[in-house]
Amino acid sequence: MAPSAARGLLLAAVLLYALNLRAPITALAPVVDDVRADLGLSAAGVGLLTGIPVLCFALATPLMAVLLGRLGTGRVVAASLVTVLVGTLLRSADGFGTALVGTVLIGVAITAGNVAVPVVIGRDFPGHVPRVTGLYTAALNGGSVLTTTLTAPLADVVGWRWALASWGVLAVVALVVWQKAYPFSRAGPVALVTASTAPAVWRRPVTWFLAVAFAGQAFGYYAVSAWLPSVLHDTLGLERAASGGAAALFQLFGMVGGIAVPIALGRRAPVAAVAAAIAVGWMALPLGLLLAPQWWPVWCTFAGVAQGGNFAVIFTVIASSAGSQAAARRMSATVQSLGYGCAALGPSVLGAVHASSGGWTAPLLVVLGAVLTMGVATGLGLRSMRRETS
């Protein structure tokens, strides 16, 4: 195979894999009311089915790093795709207990991708890391767009169980292409250093500021992804399929942010200015839905670009402040573990606040608080980084 064709196949494998790393989670939001009614759950209970995978991101990252080091990226990713498929099918098979088991499997499998893909990009695309990272971020949001837009129409035809289970086809397609690009014969061990082996990371203020910033970002993202269709349905009276499609704007423009922000940073746009613009864009969604909900396409667009781009900002700051590749890996693991641990609460907290308040004003204020925290912590992290280097 020609080098350009081989490189194209590798990129296709990474991007198809990325489609599976958020789609199974966001697929639930458009049919959350059906799932809640069918399984007899409270709003907080059904929020667990979205929040548990994010908790797995926090808890399973050290284990995935160990497995990646022993088995290599090829085997770990192939196993994670099989696990995504099994978890997706189990989640729709029976009652709440089976759904929980399937959800945990999905969360553990996606955690493997969170750890493995940055390693693959750095190893196999060394001269194009910002560009491929942007495409990877866009593909994450692309999978969310697919499931957020199409799950409700599918459920209207075949029911929510088959609608959710049908997204297992994404894992099958990705597994076929991944095995062509990364056969087991290429799967060598990967040297990773986890946060637990780096006490120095924990003593740096910038690490904690970035962890808080990432927690605010991820809390807001997963809370909004879980409940935005319901907010639009209850606030504006949109039909279920329409509210799911409307919420897909939030994911769609995340693709724009995932590509545009790395390009801007690559052209030496000031990181502080980009971070400030992202915070303003993110805040537009909760504030806009509170003050002028009829303009929801504008607010979803602004916040979508912001959430897609903020991931790039946070991890650009990590890369530029760590001092070495090994330190960057350690800091990244710490930020993700702590941030995702807080983010796991997002869907359940928003569901519980909605149930107790009887409306969406209080939940949207919770999202606003998370995003404000993100913006302040990012600014303090940048200031701490400048202080360290001055």
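The shown structure was predicted, so the numbers you read here are calculated from the model rather than taken from an experiment. (Residues numbered from 1 in each chain as written. Predicted model: local features only at pLDDT ≥ 70, side-chain atom pairs only at ≥ 80, totals over all residues. Heavy atoms only, no water.)

## As for the nonpolar core
Across soluble globular proteins, you tend to see nonpolar side chains buried next to one another. Counting residues in hydrophobic clusters, the biggest one holds 110 residues, and the most contacted among them are W178, Y222, W282, L289 and Y340. When residues are assigned to domains, this core turns out to be shared by domain 1 (4-186) and domain 2 (201-389), each giving three or more. Apart from the residues within four sequence positions on either side, Y340 is in contact with R22, V54, L55, F57, A58, N114, F214, A218, Y222 and F311. (Core = buried A, V, L, I, M, F, W, Y, C linked by side-chain atoms within 4.5 Å. Buried < 20%, exposed > 50% of the residue type's maximum accessible area, 1.4 Å probe, protein only. Domains from an automatic or database assignment. Contact = heavy atoms within 4.5 Å.)

## A short note on the pattern of salt bridges
Applying the stated criterion across every chain, the model contains one salt bridge. With a closest N to O distance of 3.4 Å, R161 and D38 form a salt bridge. Highlighted residues: R161 in helix α8 (residues 160-165) and D38 in helix α3 (residues 32-39), separated in sequence by 123 residues. Residue R161 is classed as partly exposed on the basis of its relative accessible area of 24%. (Salt bridge = Lys/Arg side-chain N within 4 Å of Asp/Glu carboxyl O. Helix = DSSP H or I, 4+ residues; strand = E, 2+ residues; numbered from the N terminus.)

## Some thoughts on the packing of aromatic side chains
One pass over the structure, following the stated rule, counts nine aromatic pairs. With a centroid separation of 4.8 Å and 75 degrees between ring planes, the pair formed by F57 and Y340 is classed as edge-to-face. Of this pair, F57 sits in helix α4 (residues 43-71) while Y340 sits in helix α15 (residues 325-343); the two residues are 283 residues apart in sequence, bridging distant segments of the chain. Across the pair, exposure class does not vary: F57 and Y340 are buried alike. (Phe/Tyr/Trp six-rings, centres within 6.5 Å; stacked < 30°, edge-to-face > 60°.)

## What about the confidence of the model for the protein chain?
In this model, the protein chain carries an average pLDDT of 86, and 92% of its residues clear a pLDDT of 70 or more. Considering only residues more than four positions removed or in separate chains, one finds that residues 193-199, a stretch of pLDDT under 50, has 10 contacts. (pLDDT = per-residue confidence, 0-100.)

## Some thoughts on the domain arrangement of the protein chain
Accessible area lost upon the coming together of the parts serves often as the stated size of an interface. According to the domain assignment, the protein chain consists of domain 1 (4-186) and domain 2 (201-389). Listed by partner, the interface residues are 37 residues for domain 1 and 34 residues for domain 2. For the pairing of domain 1 and domain 2, the buried interface totals around 2800 Å² over both sides, and the portion due to carbon and sulfur atoms is 66%. If you sort the residues of domain 1 by the area they bury against domain 2, V54, N141 and T148 come out on top, with a joint share of 16%. The interface formed by domain 1 and domain 2 contains zero salt bridges. For the pair domain 1 and domain 2, the interface holds five residue pairs in polar contact (both at pLDDT 80 or more). Listing elements by their share of the side of domain 1 that touches domain 2, those giving two or more residues are α2 (23-26), α3, α4 and α7 (129-158). (Buried area = accessible area lost by both parts, 1.4 Å probe. Polar contact = N/O pair within 3.5 Å; in protein donor to acceptor, adjacent residues only side chain to side chain.)

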